[in-house]
Amino acid sequence: MARSNKVIESRINSYNLTVKFLQRTAAVLAIISFILLFISGPIGFVVFFVTVLPLLFISFKYDKKVKDELSDNVISVVVEEVFGASGTFDSDGRVNPGKMYLPFTYTDIYGEDLIRADYRGADVAISDLILRQFVESKDPDGMDSHVKTFSGQWMTINLKKELVGEVSIYSYSDKHEKASSDFTTDNVEFNSKFCIKADNPEEALKVLTPHLIEYILYTYNNLKDTELGLAFHRDGKVDVVFEREHDLFNVYDKSNMTIDGLSQEYYDELMVYANIVDTISDEKAIYK
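Model, not experiment: these values are computed from the prediction.

### Side note on the overall build of the chain
Logical step 1: A tally of regular secondary structure across the chain gives 6 helices and 8 strands.
Logical step 2: Of the regular secondary structure in the chain, the N- to C-terminal order runs α-α-β-β-β-β-β-α-β-α-α-β-β-α.
Logical step 3: Based on the C-alpha atoms only, the size of the chain along its principal axes is roughly 70 × 65 × 30 Å.
Logical step 4: Looking at the chain residue by residue over its 288 residues, the buried ones come to 44%.
Logical step 5: Put simply, of all contacts in the chain between residues at least 6 apart along the chain, 65% involve residues at least 24 apart.
Logical step 6: Both charge centroids of the chain, one from 30 positive and one from 45 negative side chains, sit 3 Å from each other.

This is the structure in structure tokens:
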């Protein structure tokens, strides 16, 4: 096993070095091509299309090799270790957020690195996700654009049981317009850190039990550069989102990467999600 890991590590590190070299070379040539564009006109275009684009294409192929190595030899193994035999990994799949109860509008969805599992009797799906909102230009001569409204990880949990109420919470941040909560809990710290939304506060408080509030605070306080949101739906579905500029499975910019070290890093990352499912599943008071 150790020998096999060393072989895999060598291949991944080699692919990563190749990707970095190709991307840096392409960046330098792109600058040169733009300079030539202003100086010599068409020559700049020729340099760009003959050198920069082929290098980026080759870089993409090596990047795909890294993902394939990780998917087959590291990620799939860790996913099964955390979520059991039902855990599957699809590097090209993504979560469907469905009806939006959190502070994000979107017209376009992009995502990858989908994990699915039947865990603790619940259907669980996790992936990297980017949401973008189409913005039509108000200037007749202006250009329409797409604005990123969310970037991070999205987890959906189908508990397959009806809940006693509905509620959504989201940590206050400078990324979103600060909205006022519909009601407050008995936890002052929780009220100061989260915006709480619900049509029926009395029912919502049955979902936000003191134990669950303490756990959400604990999880949020241990996150770095991350905003946290949860939405509990009456039909037993729960959305959990981590808004951050951080991919679920990232191997780049890691010198002397080892399979054991990377596996442990991924394991620790996924255990955060598994613990959330554990805690919500065990909170019997939220079920109808």
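Next comes the rest of the write-up.
### Regarding the pattern of salt bridges
Logical step 1: Applying the stated criterion to the full structure yields 12 salt bridges.
Logical step 2: Residue arginine 11 is joined to glutamate 69 by a salt bridge in which the shortest nitrogen-to-oxygen separation is 2.6 Å. With arginine 11 in helix α1 (residues 2-40) and glutamate 69 in helix α2 (residues 42-83), the pair connects residues that are 58 residues apart, well separated along the chain.
Logical step 3: A salt bridge links glutamate 245 to lysine 148, with the nearest nitrogen and oxygen atoms 3.6 Å apart. Taken together, the positions of glutamate 245 in the loop between β8 (237-243) and α6 (259-282) and lysine 148 in strand β4 (residues 145-158) put the pair 97 residues apart, joining distant regions of the chain.
Logical step 4: Here glutamate 245 falls in the exposed class, since its relative accessible area comes to 63%.

### Things to note about helix α5 (residues 210-221)
Logical step 1: Between the first and last C-alpha of α5 there are 16 Å, a value that for 12 residues agrees with the 16 Å anticipated at 1.5 Å per step.
Logical step 2: Within α5 the residues assigned to the buried category are Leu212, Ile213, Tyr215, Ile216, Leu217, Thr219 and Tyr220.
Logical step 3: Buried-residue contacts for α5 involve β5 (167-171), α3 (188-193), β6 (194-197), α4 (201-207), β7 (227-232) and α6.

### Some words on the packing of aromatic side chains
Here a ring pair, both rings aromatic, is described through the centre-centre distance and the interplanar angle of the planes.
Logical step 1: Applying the stated criterion to the full structure yields 10 aromatic pairs.
Logical step 2: Ring centres 5.6 Å apart and planes at 90° place the aromatic pair phenylalanine 48 and phenylalanine 49 in the edge-to-face group.
Logical step 3: What makes phenylalanine 48 partly exposed here is its relative accessible area of 23%.
Logical step 4: Linked through ring pairs, Phe34, Phe48 and Phe49 together constitute an aromatic cluster.
Logical step 5: Sitting over the face of the ring of tyrosine 62, lysine 65 holds its NZ or CZ atom 4.7 Å from the ring centroid.
Logical step 6: Directly above the aromatic system of tyrosine 287 lies the positively charged group of lysine 161, at a separation of 4.7 Å from the ring centroid.

### Thoughts on the nonpolar core
Logical step 1: Membership of the largest hydrophobic core comes to 59 residues, with the highest contact counts inside it found for Phe83, Ile157, Val167, Leu270 and Ile280.
Logical step 2: It is α6 that contributes the most residues to this core, 9 residues altogether.
Logical step 3: Excluding anything up to four places from it in sequence, valine 167 contacts Phe183, Ile196, Lys197, Ala198, Ala204, Val207, Leu208, Leu230, Ala231 and Phe232.
Logical step 4: Within the second largest apolar cluster, 12 residues are counted, among which are Ala125, Trp154, Tyr170 and Ala231.

### Quick word on the sheet that holds strand β2 (residues 108-119)
Logical step 1: With respect to topology, 8 strands assemble into an open sheet ordered β1-β2-β3-β4-β8-β7-β5-β6, the strand pairing being antiparallel. Every other strand in the sheet has two partners, leaving β1 (88-90) and β6 as the edge strands with one partner each. Put simply, the sheet's adjacent strands are angled 15° from each other on average, direction ignored.
Logical step 2: Bridge count between β5 and β6: 4 bridges; the pairing is antiparallel. Directly across from isoleucine 169, in β6, lies its bridge partner isoleucine 196.
Logical step 3: The strands touched by α5 are β5, β6 and β7; relative to β7, the strand with the most contacts, the crossing angle is about 150°.
Logical step 4: The sheet contacts of α6 involve β2, β3 (122-135), β4, β7 and β8, and relative to β4 the element is tilted by about 55°.

### Brief notes about the packing of α2 against α6
Logical step 1: At a closest axis distance of 9 Å, the pairing of α2 and α6 adopts a crossing angle of 40°. Judged on the interaxial angle alone, α6 and α2 are oblique. Judged by the sense of rotation from one axis to the other, the crossing of α2 with α6 is right-handed. Contacts from Leu70, Val74, Ile75, Val78, Val79, Glu81, Val82 and Phe83 of α2 reach α6 at Ile259, Leu262, Ser263, Tyr266, Tyr267, Leu270, Met271, Tyr273 and Ala274.
Logical step 2: Each residue belonging to the contact of α2 with α6 can be placed in one class, and the counts come to 15 nonpolar, 1 polar and 1 charged.

Reading guide: rules and limits
- Residues numbered from 1 in each chain as written.
- Predicted model: local features only at pLDDT ≥ 70, side-chain atom pairs only at ≥ 80, totals over all residues.
- Heavy atoms only, no water.
- Helix = DSSP H or I, 4+ residues; strand = E, 2+ residues; numbered from the N terminus.
- Buried < 20%, exposed > 50% of the residue type's maximum accessible area, 1.4 Å probe, protein only.
- Contact = heavy atoms within 4.5 Å.
- Lys, Arg positive; Asp, Glu negative; His and termini not counted.
- Charge placed at Lys NZ, Arg CZ, Asp CG, Glu CD.
- Salt bridge = Lys/Arg side-chain N within 4 Å of Asp/Glu carboxyl O.
- Expected span 1.5 Å × (residues − 1).
- Phe/Tyr/Trp six-rings, centres within 6.5 Å; stacked < 30°, edge-to-face > 60°.
- Lys NZ or Arg CZ within 6 Å of the ring centre and 35° of its normal.
- Core = buried A, V, L, I, M, F, W, Y, C linked by side-chain atoms within 4.5 Å.
- Pairing = 2+ DSSP bridges.
- Axes fitted to C-alpha atoms, helices over the stretch in contact; angles between N-to-C directions.
- Parallel < 35°, antiparallel > 145°, perpendicular 65-115°, else oblique.
- Left-handed = near helix turned anticlockwise from the far one by under 90°.
- Nonpolar A, V, L, I, M, F, W, Y, C, P; charged D, E, K, R; others polar.

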